[in-house]
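Residue-level listing of the chains:
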Amino acid sequence: MASLTKARERTIYGALLEHGGWTLPIGATADGLCCVGAIGESLEDLIQRESSRFKPSQWVRDDSRLNLYMDQLKQYWDGERTSFSFPRDVTGTPFQQAVWEALLAIPYGATVSYSDIAQAIGKPKAVRAVGTAIGSNPALITIPCHRVIGKNGALAGYRGGLAMKTKLLELEHANRASI
């Protein structure tokens, strides 16, 4: 992940990815993927949600600049990919960055609890803060916060909605056996 930086003047390339019943907006800078929206969200919704990090005037619709990201997401949905090899350009506090790095270590098809993530980053009492950091994850799916569940095994909040979280976990569980 990119190092912690303040929002700077740069171009954000946006596209609406549609594939196999999945439709979601994505955005990337010249340095890497910077945001992934929720199922059914429009590119305009993503631009509005990300307005605290990027000015709407910084966005340019350009599907061709996002082919690498779109291709890998399609491969993920088709069960041909379990992780992503493209660069990411996500910014956050050092604590958020630590949480997001811990999310990247969760194996495909596995789930862990918020407490497990707090333990993994060496902050076992920071479970609520971990939940907040996970909720701030700008790159759904590619930084797999959908793999985090409640300590009791129940699905807990997800910025993309519990239906999206359920769909992602079902996809990974179904494909895990064939990989």
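Structure: above.
Residues numbered from 1 in each chain as written. Predicted model: local features only at pLDDT ≥ 70, side-chain atom pairs only at ≥ 80, totals over all residues. Heavy atoms only, no water.

Asker: What is the right way to read the sheet that holds strand E3 (residues 32-36) from this model?
Answerer: Each strand in a sheet pairs with its neighbour through backbone hydrogen bonds, running either in the same direction (parallel) or in the opposite one (antiparallel). One open sheet accounts for four strands, arranged E3-E2-E1-E4; its pairing is mixed. Single-partner strands in this sheet number two, and they are E3 and strand E4 (59-61). Strand after strand, the sheet turns through a mean of 35 degrees between neighbouring axes, direction not considered. In terms of strand pairing, strand E1 (residues 12-19) meets strand E2 (residues 22-29) through seven bridges, oriented antiparallel. Its bridge partner lying in E2, Leu16 is registered against Pro25. Those strands touched by helix H2 (residues 67-77) are E1, E2 and E3, and its axis lies near 30 degrees from that of E1. (Pairing = 2+ DSSP bridges. Helix = DSSP H or I, 4+ residues; strand = E, 2+ residues; numbered from the N terminus. Axes fitted to C-alpha atoms, helices over the stretch in contact; angles between N-to-C directions. Contact = heavy atoms within 4.5 Å.)

Asker: So what exactly am I meant to see when it comes to H2 here?
Answerer: The periodicity of an α-helix, 3.6 residues per turn, causes residues three or four places apart in sequence to face the same way. Turning to H2, its buried residues number three or more, namely Tyr69, Met70, Gln72, Leu73, Tyr76 and Trp77. Projected onto a plane normal to the axis of H2, the buried residues spread over an arc of 165 degrees and lie on a single side. Gly79 lies just past H2 and shows a positive phi near 80 degrees. (Buried < 20%, exposed > 50% of the residue type's maximum accessible area, 1.4 Å probe, protein only. Arc of directions from axis to C-beta.)

Asker: Please clarify how the nonpolar core should be interpreted in this entry.
Answerer: Generally speaking, nonpolar side chains in soluble globular proteins are found buried as a group. Formed by 42 residues in total, the largest nonpolar core has its most connected members in Ile26, Trp77, Leu103, Ile117 and Ile141. For this core, the elements supplying multiple residues, two or more each, are E1, E2, E3, H2, helix H3 (94-104), helix H4 (114-120), helix H5 (127-135) and helix H6 (162-176). If you tally residues by element for this core, the top one is H2, at five residues. Here this core gathers at least three residues from each of two domains, domain 1 (11-78) and domain 2 (94-177). Setting aside residues up to four positions removed in sequence, Trp77 forms contacts with Leu17, His19, Trp22, Leu24, Ile141, Leu168, Leu171 and Asn175. Counting eight residues, the second-largest nonpolar core is a separate cluster that includes Ile12, Leu43, Leu46 and Trp59. (Core = buried A, V, L, I, M, F, W, Y, C linked by side-chain atoms within 4.5 Å. Domains from an automatic or database assignment.)

This is a description of form; function is not addressed.
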